[in-house]
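Descriptive analysis of the structure
Now for the letters of each chain:
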Amino acid sequence: AKVTPILWLLTLIWLMVFFFVNQWTPALLAARGFPIQVAQMGTTLFQTGCLVGGLLVMRPLDKWGYLPVTLLCAFSIPVVAAMGIADLPQNVCLTLAFLSGIGVAGAQFGTFAVETQVYPTYMRALGVGTCVAAGRGGSVLGPIAGGILLAMKLPISALFLVAAGALVIGFVASIIFTPLYRARLKEMETV
């Protein structure tokens, strides 16, 4: 009862920010006047960072519980916010796209991994399934939120500050979840 709503929130935030950054990075780079090839490279580097982040987080999860996800979220906040800084050179923008993939997707993959561990076998499919469903809501909300904010005449660069704000919520939720996760694992070991 305690961990499920937090996992729903975390999964929603990670997927919301993931799809937001994935969808709006090319538009941001194009709005800065970079060639279309650079905008496409931003998405490629973001996705490559996602792969790296997923691979980097798994062993630390086994050793230290949910703490690596909390740290990746803390890392992601300034990286995603910095993507919105105007007049950054092309190479800095592309580096930030790569680093945001590491942080955002690393947190997402790490959360998916721990979801399978907090539910007992008899209800694991239901528990993980509801978390994934909450995340899918976030995957829809991310791009829609960006479109709504653009319709409000917010510059594309400011959208990344909004995404960083969502990550702040995810960071706080991660801090709350970390000890709950440890306690849940200890509880399941005694059963």
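Everything here concerns the structure above.
Residues numbered from 1 in each chain as written. Predicted model: local features only at pLDDT ≥ 70, side-chain atom pairs only at ≥ 80, totals over all residues. Heavy atoms only, no water.

We now examine the overall build of the protein. Scanning the protein for helices and strands turns up six helices and zero strands. Of the regular secondary structure in the protein, the N- to C-terminal order runs α-α-α-α-α-α. Taken over C-alpha atoms, the radius of gyration comes to 17 Å for the protein, in line with the 16 Å a tight globule of 191 residues would show. For the protein, the spread of C-alpha atoms along the three principal axes comes to 60 × 30 × 25 Å. Looking at the protein as a whole, 48% of its 191 residues are labelled buried. A separation threshold of at least 6 residues defines the contact pool for the protein, and within that pool the share at least 24 residues apart is 85%. For the protein, the exposed surface amounts to about 9000 Å²; the carbon and sulfur share of it is 73%. One finds the centroid of the 10 positive side-chain charges in the protein at a distance of 2 Å from the centroid of its 5 negative side-chain charges. (Helix = DSSP H or I, 4+ residues; strand = E, 2+ residues; numbered from the N terminus. Rg over C-alpha atoms; globule rule 2.2 N^0.38 Å. Buried < 20%, exposed > 50% of the residue type's maximum accessible area, 1.4 Å probe, protein only. Contact = heavy atoms within 4.5 Å. Areas by Shrake-Rupley, 256 points an atom, 1.4 Å probe, with all protein chains shown as cover. Lys, Arg positive; Asp, Glu negative; His and termini not counted. Charge placed at Lys NZ, Arg CZ, Asp CG, Glu CD.)

Running from N to C, helix α1 (residues 3-31) and helix α4 (residues 90-118) cross one another at 155°; their axes reach a closest spacing of 10 Å. In this view, α1 runs roughly antiparallel relative to α4, as classed from their interaxial angle. Note on packing geometry: the crossing formed by α1 with α4 is left-handed. Contacts between α1 and α4 involve Val3, Leu7, Leu10, Thr11, Trp14, Leu15, Val17, Phe18, Val21, Thr25 and Leu29 on the former and, on the latter, Cys93, Leu94, Ala97, Ser100, Val104, Ala107, Gln108, Thr111, Phe112, Val114, Glu115 and Val118. A class-by-class count of the residues in the contact of α1 with α4 yields 17 nonpolar, five polar and one charged. (Axes fitted to C-alpha atoms, helices over the stretch in contact; angles between N-to-C directions. Parallel < 35°, antiparallel > 145°, perpendicular 65-115°, else oblique. Left-handed = near helix turned anticlockwise from the far one by under 90°. Nonpolar A, V, L, I, M, F, W, Y, C, P; charged D, E, K, R; others polar.)

With that settled, the discussion passes to a nonpolar patch on the surface. Among the surface-exposed residues, Val140, Ile144, Ile148 and Met152 lie close enough to one another that they form a single nonpolar patch of about 400 Å² accessible area. Checked against the element boundaries, Ile148 lands in helix α5 (residues 124-151). (Patch = residues over 30% accessible without salt bridge, like charges linked within 9 Å, V, L, I, M, F, W, Y side chains within 5 Å. Salt bridge = Lys/Arg side-chain N within 4 Å of Asp/Glu carboxyl O.)

Before going further, it helps to spend a moment on the packing of aromatic side chains. Throughout the structure, instances matching the rule amount to six aromatic pairs. Look at Phe20 and Phe160: their rings are 5.6 Å apart centre to centre, the planes differ by 65°, and that puts the pair in the edge-to-face class. You can see Phe20 sitting in helix α1 and its partner Phe160 sitting in helix α6 (residues 156-190), a full 140 residues away along the chain. Phe20 sits in the buried class, given a relative accessible area of 5%. When its relative accessible area of 0% is taken as the criterion, Phe160 is described as buried. (Phe/Tyr/Trp six-rings, centres within 6.5 Å; stacked < 30°, edge-to-face > 60°.)

Ranked by size, the top nonpolar core spans 56 residues in total, and within it Trp14, Val21, Tyr66, Phe160, Leu167 and Phe177 carry the most contacts. If you list the elements that add at least two residues to this core, you get α1, α2 (36-64), α3 (67-83), α4, α5 and α6. Among the elements that make up this core, the one with the highest residue count is α1 (14 residues). Not counting residues within four places of it along the chain, the set of residues in contact with Leu167 comprises Trp14, Val17, Cys73, Ser76, Ile77, Val80 and Val104. (Core = buried A, V, L, I, M, F, W, Y, C linked by side-chain atoms within 4.5 Å.)

Taken as a whole and assessed by the stated rule, the structure comprises one salt bridge. Among the ionic pairs, Asp62 bridges to Arg59, the shortest N-O distance being 3.0 Å. Of the two residues, Asp62 and Arg59 both sit in helix α2, three residues apart, roughly one turn of that helix. Arg59 carries the same exposure label as Asp62, and that label is exposed.

The next point concerns the environment of Ser139. As for its position among the elements, Ser139 is in helix α5. The class for Ser139 is buried, based on a relative accessible area of 12%. Between the C-alpha atom of Ser139 and that of Val80, which follows or precedes it by 59 residues, the distance is 17 Å.

α2 packs onto α1 with a crossing angle of 155° between their chain directions and a minimal axis gap of 7 Å. Judged by the angle between their axes, α1 and α2 are roughly antiparallel. Here α1 and α2 pass one another in a crossing that is right-handed. Residues Phe18, Val21, Asn22, Thr25, Pro26, Leu29 and Ala30 of α1 lie in contact with α2, whose contacting residues are Val38, Ala39, Gly42, Thr43, Phe46, Gln47 and Cys50.

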